[in-house]
Amino acid sequence: LKTMVNVALPKGRLGEKVYAMFEAAGFPCPSIRENNRKLIFENEEAGVRFFWVKPSDVAIYVERGAADIGVAGKDILLEYEPDVYELLDLHLGTCRMAVAAKREFRDDPRKTLRVATKFTNIAKQYYSAQCRDIDLIKLNGSIELAPILGLSDVIVDIVETGTTLKENDLEPFETIVPISARLISNKASYKFKYEEIASILSGLKGQVKS
Amino acid sequence: MTTILKLDEKIAFSLRALYQQYGYRQFKMSKFEPYDLYMQNKEFLVSDGIITFTDNDGTLMALKPDVTLSIVKNYRSDKTPIQKVCYDENVYRNNGSGKQFREIMQVGLECLGDIGLYELCETVMLAAKSLEAISANYVLDLSHMGILASVLDALNISESTIPQVMQCFADKNEDGLFALISSEQAEVLLPLMQINGPIASAVKQLKSVASEDQLYTLEAIAAYLRGFGMEDRVYLDFSIVSNRNYYNGIVFRGYVDGIPSSILSGGQYDKLMRKMDKPAKSIGFAVYLDQIELLDQRSTAYDVDTVLLYSEDQNPTELAAAIQTLGSESIFVLREQPERLRYRRLMRLMNGRLEELENHG
């Protein structure tokens, strides 16, 4: 019986690209392209079993071993700090974690900075490294709205092209960290399915375009 | 008797027997400790999230989040050259994604005093044997903090970058390593990061980077393990980076197939001893039993073995006699047939006679 490797893929455009890399690396699963309501896709011959999960959940599936490996954005890894191995930078979904504010905003270091973000852990660490006193506002979406309505002075968010920001008169003015998709592995799976994971890893390495 | 024990209880007992076989003495501890002890050595603990309360005179107390610190605190050098202590205790933490209060069963041992090569070998062997008691398919990852430290030293990597380099090692993050330091430096570290294999063969790859002393230690451990037939189960892997301020030398972490995270962790913590003013060396480990449930595959097909029905006017003496004749593993005595109870057989006592209504084998 062949050992199956469970792979958690992030739903959405990034996930499609990631799957294409797996396919090109010799781990295809044709049934995944069919339009159906199945949740799990299996290719016994290649020894892989794929499933789509919400991008921010990939790390949880992998950390708890429901998936042996998965692909997650560096933003998620920095925010939740899951206990996993980070085996490969796939150079996909590249963007950056940045601080943005209204174009006319000037930082006044005498005041507490009000920061709105989905990524509270990243924002906290970034500002505490600067010893800056901040008022952290956790939002779950539409972060750009916060500075426009005066809810916050700045936002900490992912910036890809900057178009959304520009259209709303906002501007990124500090990059915190560059972001891209990473191949992660559960620590125990890495021991007990080493051969299988290593062969997927080396296959994917050949597909990375840097 | 064994069937009533849950898997984690069974393992706790077999580990206690194992440690006592090698001269370890059980140590029973109080569940409470002044918070000071943990505050001063916060980084030593695997996790933060200590549960605290105040005692009657206002001292801040903690529910024990860890056992090692208490054992070190109680160590007295004048007693014997080597003190061997084992324990099984519940520890309390407030962690996990939901920040919920958790009680974790921890079994482990500490060896304190004049630690030599033999004690290192024996402790690693006992760690491997502890894992073996849990599952035949296990891996004990072993690393040497001193080797990594001296390589980093030789590369002149600044003190402020070292924690990030260590994090890359912990994550097996090769790309991160190259982004962090010059590629010449990274090329030197890469082979160390990639080492992953049984200790006896992997140690050969360290010839150029490790000191003679360090090599001798690792080879001795490999040879000792061979004597127990477990050298293939102990891997050299530099992704175990324990806190540099407390640990030195050998550190290790254990995994068993079926549990997604490590269940054993330990190492040499001479630096902690020094910090706590104890003139001795030390090595020890702890096994966390809170996840063992995941391995317990025994299904409980029935809630109860036998259900015995009786009628209102039943003579109590006859009922007592019937219960004793049945002599069942577990028995549920009821007036009416239960709806949601899964049972193996259903018996009825009518007019002093036992009759079987259902039997599911």
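Since the model is a prediction, treat every value here as computed from it, not as a measurement.

I would appreciate a short explanation of the pattern of salt bridges in the present structure.
Residues and elements named next belong to chain A. Applying the stated criterion across every chain, the model contains 26 salt bridges over all chains. Residues Arg-182 and Glu-86 are paired through a salt bridge, measuring 2.7 Å at the closest nitrogen-oxygen approach. Of this pair, Arg-182 sits in strand E11 (residues 181-186) while Glu-86 sits in strand E5 (residues 84-89); the two residues are 96 residues apart in sequence, bridging distant segments of the chain. The burial state of Arg-182 is the same as that of Glu-86; both residues are buried. Note that Arg-114 and Asp-153 form a salt bridge whose closest N and O atoms lie 3.0 Å from each other. Of the two residues, Arg-114 is situated in strand E7 (residues 113-117) and Asp-153 in the loop between helix H5 (145-148) and strand E9 (154-159); the sequence distance between them amounts to 39 residues. Residue class for Arg-114 comes out partly exposed when judged on its relative accessible area of 28%.

Can you help me understand the confidence of the model for chain B in this one?
Close inspection of predicted coordinates is inappropriate in any region flagged by low pLDDT. All names here are of chain B. Taken over all residues, the pLDDT of chain B has a mean of 89, while the share at 70 or more is 97%. Confidence, read as mean pLDDT per element, is least for helix H2 (residues 36-40) in chain B (83) and greatest for helix H4 (residues 117-134) (96). Reported confidence for the predicted complex is 0.85 by ipTM and 0.86 by pTM.

Sorry if this is basic, but what is going on with unusual backbone geometry here?
Across the chain, the bulk of peptide bonds are trans and the bulk of non-glycine residues have phi less than zero. All names here are of chain B. In this structure, Lys-172 takes a positive phi of about 50° despite not being glycine. Relative to the assigned elements, Lys-172 resides in the loop between helix H6 (162-171) and helix H7 (174-180). A positive phi angle, near 60°, is found at Asp-277, a position not held by glycine. Here Asp-277 lies in the loop between helix H11 (270-275) and strand E12 (281-288). Asp-277 sits in the exposed class, given a relative accessible area of 68%.

Explain the environment of Ser-180 of chain A to me, please; I cannot follow it from the model alone.
Residues and elements named next belong to chain A. Counting through the fold element by element, Ser-180 comes out in the loop between strand E10 (170-179) and E11. Classification of Ser-180 as buried rests on a relative accessible area of 5%. For Ser-180 and Arg-96, which are 84 residues apart along the polypeptide, the C-alpha to C-alpha distance reads 8.0 Å. Once residues within four sequence positions are removed from consideration, Ser-180 is found in contact with Ala-72, Gly-73, Lys-74, Asp-89, His-91, Leu-92, Gly-93 and Thr-94. Side-chain polar atoms of Ser-180 contact the side chain of Asp-89, separated by 2.8 Å. One polar contact links Ser-180 to Arg-182, side chain to side chain, over a distance of 3.1 Å.

What counts and how
- Residues numbered from 1 in each chain as written.
- Chains lettered and ligands numbered in written order.
- Predicted model: local features only at pLDDT ≥ 70, side-chain atom pairs only at ≥ 80, totals over all residues.
- Heavy atoms only, no water.
- Salt bridge = Lys/Arg side-chain N within 4 Å of Asp/Glu carboxyl O.
- Helix = DSSP H or I, 4+ residues; strand = E, 2+ residues; numbered from the N terminus.
- Buried < 20%, exposed > 50% of the residue type's maximum accessible area, 1.4 Å probe, protein only.
- pLDDT = per-residue confidence, 0-100.
- Contact = heavy atoms within 4.5 Å.
- Polar contact = N/O pair within 3.5 Å; in protein donor to acceptor, adjacent residues only side chain to side chain.

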